[in-house]
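Geometric and topological summary
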Amino acid sequence: MTDQLRLMAVHAHPDDESSKGAATMAKYVSEGVDVLVATCTGGERGSILNPKLQGDAYIEANIHEVRKKEMDEAREILGVKQAWLGFVDSGLPEGDPLPPLPEDCFALQDIDVAAFALVRLIREFKPHVITTYDENGGYPHPDHIMTHTVSMAAFDAAGDPEKYAEAGPPWQPQKIYYNQGFNRPRTEALHNGLLERGLDSPYGEWLERWKTMGKGRDRDITTYVPCGDFFEIRDKALIAHATQIDPDGGWFRVPIEIQREIWPTEEYELAKSLVDTSLPEDDLFAGIRDN
């Protein structure tokens, strides 16, 4: 059934697909699974985070088109399909008090408008499994939180013929997951593994911050997808988002061979399943492949 399996990954901005679950997607592509990235916004209000490109007048004037081209390159590297939902980046508000969000932005869209766009795409692509963000957005960016809200609404509505009838014939995905790649057990394992090898760890400050949050912030990891063989593809796709990622920056401080040895998986939290499965899992399609 592998050639019939379809996976949809719903993300807020271009580059999110390469920093969250990219190795998983590349693995499934290699197995013949049809994979589609749904990108909610164009990333128009994202800052230029790569210091090597800051101050570039062309990029600043054409950030939407630049990020689109970066997404095209990452898509080719990962071997996935990709679709834009067409909403406008909300930006990350900063200050005290926080400024209001822009009126035209994704985070302020009517939920029915945003869900309709995703339901239409679900009904066209017919995914068996969807990945998205948890209710905290992974981190509290307004677009990430809205992506969660829209994804959950669309998962429930896509199979209901009475909802969004103009979005096409109903299709019910069977499972939806939250990306949980930035979790405490993984971070602790990599941190300790680096120190044991006499190497510097980039995770010390992360772990100190986690101590102040308490265990209540930890998520239930249900699914560990082995994908270490695809970490190079993940990193190459991430580097393709040149305005967002410094190839000499923190994302790449842990050698891939050490990552493979210590923690060769990407992690997910099963949010809803309409099929029977046994936890923990090592496959997003557990319970679906044999049905």
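As the structure is a prediction and not an experimental result, all values here were calculated from the model.

Procedures and definitions
- Residues numbered from 1 in each chain as written.
- Predicted model: local features only at pLDDT ≥ 70, side-chain atom pairs only at ≥ 80, totals over all residues.
- Heavy atoms only, no water.
- Core = buried A, V, L, I, M, F, W, Y, C linked by side-chain atoms within 4.5 Å.
- Buried < 20%, exposed > 50% of the residue type's maximum accessible area, 1.4 Å probe, protein only.
- Helix = DSSP H or I, 4+ residues; strand = E, 2+ residues; numbered from the N terminus.
- Contact = heavy atoms within 4.5 Å.
- Patch = residues over 30% accessible without salt bridge, like charges linked within 9 Å, V, L, I, M, F, W, Y side chains within 5 Å.
- Areas by Shrake-Rupley, 256 points an atom, 1.4 Å probe, with all protein chains shown as cover.
- Salt bridge = Lys/Arg side-chain N within 4 Å of Asp/Glu carboxyl O.
- Phe/Tyr/Trp six-rings, centres within 6.5 Å; stacked < 30°, edge-to-face > 60°.
- Lys NZ or Arg CZ within 6 Å of the ring centre and 35° of its normal.
- Lys, Arg positive; Asp, Glu negative; His and termini not counted.
- Polar contact = N/O pair within 3.5 Å; in protein donor to acceptor, adjacent residues only side chain to side chain.
- Pairing = 2+ DSSP bridges.
- Axes fitted to C-alpha atoms, helices over the stretch in contact; angles between N-to-C directions.
- Parallel < 35°, antiparallel > 145°, perpendicular 65-115°, else oblique.

Right, let's get into the nonpolar core. Met8 and Leu118 are the most contacted members of the largest nonpolar core, which has 27 residues in total. Elements with a contribution of two residues or more to this core: β1 (6-11), β2 (34-41), β3 (81-87), α5 (111-125), α6 (142-157) and β5 (175-179). Among the elements that line this core, the one with the most residues is α5, at seven residues. With residues near it in sequence (within four places) discarded, Leu118 still touches Met8, Val10, Ala38, Leu85, Val150, Ser151 and Ala154. By size, the runner-up hydrophobic cluster in this structure holds 25 residues, among which are Ala22, Met25, Val33 and Ile288.

Right, let's talk about a nonpolar patch on the surface for a bit. On the surface, Phe182, Trp206 and Trp251 cluster together into a nonpolar patch covering about 300 Å² of accessible area. Relative to the assigned elements, Phe182 resides in the loop between β5 and α7 (184-196).

A few words now on the packing of aromatic side chains. In the structure shown here, the tally under the stated rule is eight aromatic pairs. Centre to centre, the rings of Tyr203 and Trp206 are 5.3 Å apart; their planes meet at 65°, and the pair counts as edge-to-face. With relative accessibility at 10%, the residue Tyr203 sits in the buried group. Here the aromatic cluster, defined as three or more aromatic residues joined through ring pairs, consists of Phe182, Tyr203, Trp206 and Trp251. When the ring centre of Tyr28 is taken as origin, the NZ or CZ atom of Lys27, which lies over that ring, is 5.8 Å away. Just above the ring of Phe231 sits the side chain of Arg234; from NZ or CZ to the centre is 4.2 Å.

What follows deals with the side chain of Arg6. Of note, Arg6 is situated in strand β1. For the buried residue Arg6, which engages in no salt bridge, the nearest side chain bearing the opposite charge is Asp34, 5.8 Å off. Only 3.0 Å separates the side chain of Arg6 from the backbone oxygen of Phe125, close enough to count as a polar contact. Excluding residues within four positions of it along the chain, Arg6 makes contact with Val33, Asp34, Phe125, Lys126, Pro127, His128, Val129, Trp171 and Phe285.

The two faces of the sheet receive side chains in turn, since in a regular strand these alternate between them. Burial analysis of β1 places six of its six residues in the buried class, which makes it a mostly covered element. Taking every second residue as pointing to the same face, both faces of β1 are buried, with Arg6, Met8 and Val10 on one and Leu7, Ala9 and His11 on the other. One ladder, built from six bridges, connects β1 with β2; its direction is parallel. If you follow Leu7 over to β2, its bridge partner there is Val35. Relative to strand β4 (residues 129-132), β1 runs parallel, the two sharing three bridges. If you follow Ala9 over to β4, its bridge partner there is Thr131.

Here we take up the packing of helix α4 (residues 63-78) against helix α9 (residues 231-240). Here α4 crosses α9 at 170°, and the two axes come no closer than 8 Å. When the axes of α4 and α9 are compared, the pair comes out roughly antiparallel. For the pair α4 and α9, contact is made by Glu70, Glu73, Ala74, Ile77 and Leu78 and by Ile233, Lys236, Ala237 and Ala240, respectively.

Spatially, β3-β2-β1-β4-β5-β7-β6 is the arrangement adopted by the seven strands of the open sheet, whose pairing is mixed. Lying at the two open borders of the sheet, with one neighbouring strand each, are β3 and β6 (223-226). On average, adjacent strands in this sheet sit at an angle of 30° to one another, irrespective of strand direction. Summarising the sheet, β5 and strand β7 (residues 265-273) pair through five bridges and their orientation is antiparallel. Directly across from Lys175, in β7, lies its bridge partner Ser273. Lying on the sheet, α4 is in contact with β2 and β3; it crosses β3 at an angle near 155°.

That is the geometry; function is a separate question.
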